[in-house]
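These are the residues of each chain, in order.
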Amino acid sequence: MLLPLLLSAAKNAADTTHKIDFAQKLESFSDMSLRQMVEHVTGGVISIAIKICIAVAVYFIGRWLIRYIRRIMGRMMERRQVDPSLRTFLQNLVKIALTFFLITVIIGILGIDTTSFVALFASAGLAIGMALSGTLQNFAGGVMVLLFKPYRVGDFIEAQGQSGTVKEIQLFNTVLNTADNKTILVPNGSLSTGIINNYSREARRRVDWTFGIGYGDDYDFAKATLAELLDADSRVMKDPAYFIALQSLGDSSVNIVVRAWVSTADYWSVYFDLNEKVYKVFTQKGINIPFPQMDVHLIPSPTPKKEA
């Protein structure tokens, strides 16, 4: 109920002002001769045309200035090594503020009363703000993300059921680029209040494997083989040292757990490479890699006796 009342009050105030101006102009026209009226109308048309031309020129010059100011801001923040996510956020914020200022200047050049316009815009802004409370929450979430920096541009994160590399932090959304090159927009409001898994925050990560060998195979030999493979890989860190142990005795395999620390950038390459090496080396050295299987035993039925 409050929003229609605010908009109606602002509209009534503007209509009252226009009615008074129109009545005064109509009264002045009644005292003019035909020639004076033609001259007055002609002068008014020329004046309006000049204002429109000036307004168009100001619009294009203003647009150019806004783009120029954004570029200057980008270069200054880049020289001062401002975080890329904060850089984009501030540039978009300045663009919106300058665009609103440009529109206000153009309206003033056209001769429209900016006071009533600002009052109408403020009322409309309040109504829109209340209607778009979720969008404002996303804006506030973007500010919180930039202040506390749970992630930055270039980080690989998982949040709200989505995962990908942070491509851009906008005013209302965070743009993620997935591993298969899809673009996902995640609202900043949910990111600022939800759980975020940042895979790029730390410089190193632990890689975990579980390898199974047959019950008849030598566990110590398999453990030594795994240690040789880890020692031969320069990407595996020596401190902290890798860990190899017997994890469990499964239904059809003896499970060996392997844990090694690597650089975050090398995580997946080390993971896949060791899987391939273990498969090849275990096969070469005669270490069996079991797989689920079922043995079926057929018991012949007894032969029926023949009657004498």
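Quick look at the structure, then. (Residues numbered from 1 in each chain as written. Predicted model: local features only at pLDDT ≥ 70, side-chain atom pairs only at ≥ 80, totals over all residues. Heavy atoms only, no water.)

**With respect to the overall build of the chain**
Broken down by element type, the chain carries eight helices and eight strands. For the chain, the residues scored as buried account for 26% of the 308 residues in total. In the chain, 65% of the contacts between residues at least 6 apart in sequence involve partners at least 24 apart. (Helix = DSSP H or I, 4+ residues; strand = E, 2+ residues; numbered from the N terminus. Buried < 20%, exposed > 50% of the residue type's maximum accessible area, 1.4 Å probe, protein only. Contact = heavy atoms within 4.5 Å.)

**Points about a positive patch on the surface**
Taken together, the side chains of Arg63, Arg67, Arg71, Arg75, Arg79, Arg80 and Lys95 define a basic patch exposed on the protein surface. For the positive patch, the element with the highest residue contribution is helix H2 (residues 34-79), accounting for five residues. (Patch = residues over 30% accessible without salt bridge, like charges linked within 9 Å, V, L, I, M, F, W, Y side chains within 5 Å. Areas by Shrake-Rupley, 256 points an atom, 1.4 Å probe, with all protein chains shown as cover. Salt bridge = Lys/Arg side-chain N within 4 Å of Asp/Glu carboxyl O. Lys, Arg positive; Asp, Glu negative; His and termini not counted. Charge placed at Lys NZ, Arg CZ, Asp CG, Glu CD.)

**Focus: helix H8 (residues 267-284)**
Compared with the 26 Å implied by 1.5 Å per residue over 18 residues, the 26 Å span of H8 between its first and last C-alpha is a close match. For H8, every residue scored as buried is listed here: Tyr267, Val270, Leu274, Val278, Val281 and Phe282. One side of H8 holds all its buried residues, which, seen down the axis, span an arc of 95 degrees. Facing away from the buried surface of H8 by more than 90 degrees, the exposed residues are Tyr279, Thr283 and Gln284. Packed against the buried residues of H8 are strand E6 (204-213), helix H7 (219-232) and strand E8 (254-263). Count one or two residues on from H8 and you reach Gly286, which has phi positive near 75 degrees. (Expected span 1.5 Å × (residues − 1). Arc of directions from axis to C-beta.)

**Focus on the packing of aromatic side chains**
As enumerated under the stated definition, the model contains eight aromatic pairs in all. Relative to Tyr199, the ring of Phe156 lies with its centre 5.7 Å away and its plane at 55 degrees, an arrangement referred to as tilted. Taken together, the residues Phe156 in strand E1 (residues 156-159) and Tyr199 in the loop between strand E5 (196-198) and E6 connect sequence positions 43 residues apart. Judged by relative accessible area, which is 22%, Tyr199 ranks as partly exposed. Taken together, the ring pairs connect Trp209, Tyr267, Trp268, Tyr271 and Phe272 into an aromatic cluster. (Phe/Tyr/Trp six-rings, centres within 6.5 Å; stacked < 30°, edge-to-face > 60°.)

**Re the sheet that holds E6**
The sheet built from three strands is open, its strands ordered E6-E8-E7 with antiparallel pairing. The two strands at the open ends of the sheet, each matched to only one other strand, are E6 and strand E7 (243-249). Each adjacent strand pair in this sheet contributes to an overall mean axis angle of 25 degrees, direction not counted. As paired elements, E7 and E8 share six bridges and run antiparallel to each other. Bridge assignment links Leu246 to a residue of E8, and that residue is Ile256. Relative to E6, H8 is tilted by about 20 degrees, and along the sheet it contacts E6 and E8. (Pairing = 2+ DSSP bridges. Axes fitted to C-alpha atoms, helices over the stretch in contact; angles between N-to-C directions.)

Keep in mind these values describe shape, not function.
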